[in-house]
Amino acid sequence: MTEVTDKSVLLIISGGIAAYKSLELIRLIKKGGGSVRCILTKGGEQFVTPLSVSALCEEQAYTDLWSLKDETEMGHIRLSREADVIIIAPASANLIAQMAQGRADDLASTALLASDKPALIAPAMNVRMWENPATKANIEKLKEYGHTIIGPTEGDMACGEYGMGRMLEPEEIFVAITGALEQPLPKKKLTGKTALVTSGPTYEAIDPVRFIGNRSSGKQGHAIATALQQAGADVTLVTGPVNIPDPAGVKTIHIQTAAEMLKACEDTLPADIAVCAAAVSDWAPKQHEQKIKKRGDSSAPNIELSENPDILKTISNHKNRPEIVIGFAAETENLEENGQAKLAKKGCDIILANLVAQDGAEVFGTDQNQVSCITASAVDNWAPMTKSAIAKKLTDTIINALNQTETLKSAAE
Ligand code: C5P
């Protein structure tokens, strides 16, 4: 018996001369009693053939995202989910960049995005590519996402240069695989949980060219979606119009109005966690089909408003209410009092309350925020920090709250 006996390894081979070493890696795993499924990227196929890979794996090599045969026999989701360990060797600069961006434009990147476990990544590339700040930033991101980077090492490169960028030897990668199998990589704390996050403003049309809406950049809500996703949750983000990108690895639904936001949220339930960070417009105008014309007599039209649905309140009182529901309160005065009142009125578990202007500085659109975390029993004034730090602290608060309810539940059983 070895550590790989009866274990299933998903090996992803991307483009690089080091790909030939991965054939030896397959042999080592098979010799140890493990099974290997292999995905070859287009680049990988330039260096080793699907035929040699499948001969060694004793299973077909997977190359195509759109092959119907593969999708019926072995979908990209099963490819990564059924593996005990995922190893990318060689990991090219391109595949690393795809992973860092959360892209899914070929079979390898799609299987990795659909994966529920971190991967071992063995980079191999030219020294300048490895030292490029873009690659460095991508590697940092992958570490943040929980992946383990093994290598590269220093040495002569196939291109004639010398430096960092050589892939580890197959024996070294094999040792890393056995280590990962011995000590399973830590399961993320929110793995298996689903989360719904709202973000951004809603735009309520007055006529085809005008709207009313609240000021909101979406930065805080998007940061929360990212933090929950990084903690392992399966996150759906429902966002109004914003000028920031969709968070990587998060299912993002774009809406315009509060009514559309409510529908998307209700369609997403049930969920374990809901965080309503959107700045939902409280009212919607009665919409005019044609652009309202100026009257020419300096009088302004009366805009008839009706109240919008309260999404946070609806989710808090829903038959599929998430285990934990969190809202925000943007206040201009009496932060704690108004926050407490909002908690009761909406029926949620936590309110993060902030003053919209702090020391004369606005928080809208900035990266900085200061909030008080209000529950029925306590008010915790968090120090000023970045919106992504608030998102991480909120995620920890959610993890603790869910653990407490689980402890209470098991004590009652
Ligand atoms: O009532 P107020 O707008 O101050 O409450 C703020 C909180 O309620 C935020 O979490 C916001 O996302 C949520 N909200 C909502 N639907 C509304 C209004 C606010 O979900 N129509």
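Just so it is clear, the structure is predicted and the values come from calculations on it, not from any experiment. (Residues numbered from 1 in each chain as written. Predicted model: local features only at pLDDT ≥ 70, side-chain atom pairs only at ≥ 80, totals over all residues. Heavy atoms only, no water.)

**Points about the overall build of the chain**
(1) Moving on: Assigned secondary structure in the chain consists of 15 helices and 23 strands.
(2) Moving on: When the backbone C-alpha atoms are referred to their principal axes, the chain occupies close to 80 × 60 × 45 Å.
(3) Moving on: Counting every position in the chain, which comprises 413 residues, the buried fraction comes to 48%.
(4) Moving on: Pairs at least 24 residues apart make up 67% of the contacts formed inside the chain by residues separated by at least 6 positions. (Helix = DSSP H or I, 4+ residues; strand = E, 2+ residues; numbered from the N terminus. Buried < 20%, exposed > 50% of the residue type's maximum accessible area, 1.4 Å probe, protein only. Contact = heavy atoms within 4.5 Å.)

**A closer look at the sheet that holds strand β21 (residues 372–374)**
(1) Moving on: Strand order in the open sheet made by the eight strands is β12-β11-β8-β13-β16-β17-β21-β22, with mixed pairing throughout. Two strands lie at the open edges of the sheet, namely β12 (251–254) and β22 (379–381), each paired on one side alone. Looking at each pair of strands side by side, their axes are set apart by 15° on average, direction ignored.
(2) Moving on: Where β21 meets β22, three bridges bridge the pair, whose relative direction is antiparallel. Directly across from Ile374, in β22, lies its bridge partner Val379.
(3) Moving on: Packed on one face of the sheet, helix α14 (residues 335–346) meets β16 (324–331), β17 (350–355), β21 and β22 and runs near 150° to β17. (Pairing = 2+ DSSP bridges. Axes fitted to C-alpha atoms, helices over the stretch in contact; angles between N-to-C directions.)

**A few points about the pairing of strand β2 (residues 35–40)**
(1) Moving on: Across the six residues of β2, five count as buried, placing the element largely inside the fold.
(2) Moving on: With six bridges joining them, strand β1 (residues 8–13) and β2 adopt parallel strand pairing. Note on β2: the bridge partner recorded for Leu10 is Arg37.
(3) Moving on: In the classification by handedness, the crossover that spans β1, the intervening helix α1 (residues 19–31) and the parallel β2 is right-handed. (Right-handed = clockwise from strand over helix to strand, strands pointing away.)

**Side note on the site of the ligand**
(1) Moving on: Residues in contact with the ligand, as listed here, are Cys276, Ala278, Val280, Asp282, Pro309, Asp310, Ile311, Leu312, Gly327, Phe328, Lys342 and Lys346.
(2) Moving on: Interatomic distance of 2.6 Å between a backbone N/O atom of Cys276 and an oxygen atom of the ligand.
(3) Moving on: When the ligand sits alone it has 440 Å² of accessible area, and the protein chains cover 88% of it. (Near = heavy atom within 4 Å. Polar contact = N/O pair within 3.5 Å; in protein donor to acceptor, adjacent residues only side chain to side chain. Areas by Shrake-Rupley, 256 points an atom, 1.4 Å probe, with all protein chains shown as cover.)

**What about the packing of aromatic side chains?**
(1) Moving on: Per the counting criterion, the structure on display carries one aromatic pair.
(2) Moving on: Ring geometry for Tyr203 against Phe211: centres 3.8 Å apart, planes inclined by 20°, an arrangement best described as stacked.
(3) Moving on: Seen from the ring of Trp382, Lys393 lies directly overhead, with NZ or CZ sitting 5.1 Å from the centre. (Phe/Tyr/Trp six-rings, centres within 6.5 Å; stacked < 30°, edge-to-face > 60°. Lys NZ or Arg CZ within 6 Å of the ring centre and 35° of its normal.)

**Side note on the nonpolar core**
One recurring pattern in soluble globular proteins is that nonpolar side chains are buried together.
(1) Moving on: Within the largest apolar cluster, 33 residues are counted, with the highest numbers of intra-cluster contacts made by Leu11, Val53, Ile87, Ile173 and Ile177.
(2) Moving on: Looking at this core, the elements with two or more residues in it are β1, α1, β2, α3 (50–57), β3 (85–91), β4 (120–123) and α10 (170–182).
(3) Moving on: When near neighbours in sequence (up to four residues on either side) are disregarded, Val53 contacts Ile13, Leu23, Ile26, Cys38, Leu40, Val48 and Ala61. (Core = buried A, V, L, I, M, F, W, Y, C linked by side-chain atoms within 4.5 Å.)

**Looking at the side chain of Thr135**
(1) Moving on: Within the secondary structure, Thr135 is located in helix α9 (residues 133–144).
(2) Moving on: Thr135 sits in the buried class, given a relative accessible area of 8%.
(3) Moving on: Filtering out sequence-adjacent residues up to four positions away, Thr135 remains in contact with Ala93, Met125, Met129 and Trp130.

**A closer look at the packing of helix α6 (residues 93–101) against α9**
(1) Moving on: Packing of α6 against α9 leaves a shortest axis separation of 9 Å and a crossing angle of 50°. Between α6 and α9, the angle is such that the two are oblique. You can see that α6 and α9 cross each other, and the crossing is left-handed. Judged by residue contacts, Ala93, Ile96, Ala97, Met99 and Ala100 of α6 engage Thr135, Asn138, Ile139, Lys141 and Leu142 from α9.
(2) Moving on: In terms of residue class, the contact of α6 with α9 is made up of seven nonpolar, two polar and one charged. (Parallel < 35°, antiparallel > 145°, perpendicular 65-115°, else oblique. Left-handed = near helix turned anticlockwise from the far one by under 90°. Nonpolar A, V, L, I, M, F, W, Y, C, P; charged D, E, K, R; others polar.)

**A look at the side chain of Thr41**
(1) Moving on: One can find Thr41 in the loop between β2 and α2 (42–45).
(2) Moving on: Reaching out from Thr41, the side chain makes a polar contact with the backbone nitrogen of Gly44 at a distance of 3.0 Å.
(3) Moving on: Apart from residues lying up to four places away in sequence, Thr41 is in contact with Ile13, Ser14, Gly15 and Ala108.

**Some points on the packing of α1 against α10**
(1) Moving on: Where α1 meets α10, the closest approach of the two axes is 9 Å, and the angle between their N-to-C directions is 45°. On the basis of their axis angle, the class for α1 and α10 is oblique. Every pair of crossing elements has a handedness; the one defined by α1 and α10 is right-handed. Across from Lys21, Glu24, Leu25, Leu28 and Ile29 in α1, the residues of α10 making contact are Pro170, Glu171, Ile173, Phe174 and Ile177.

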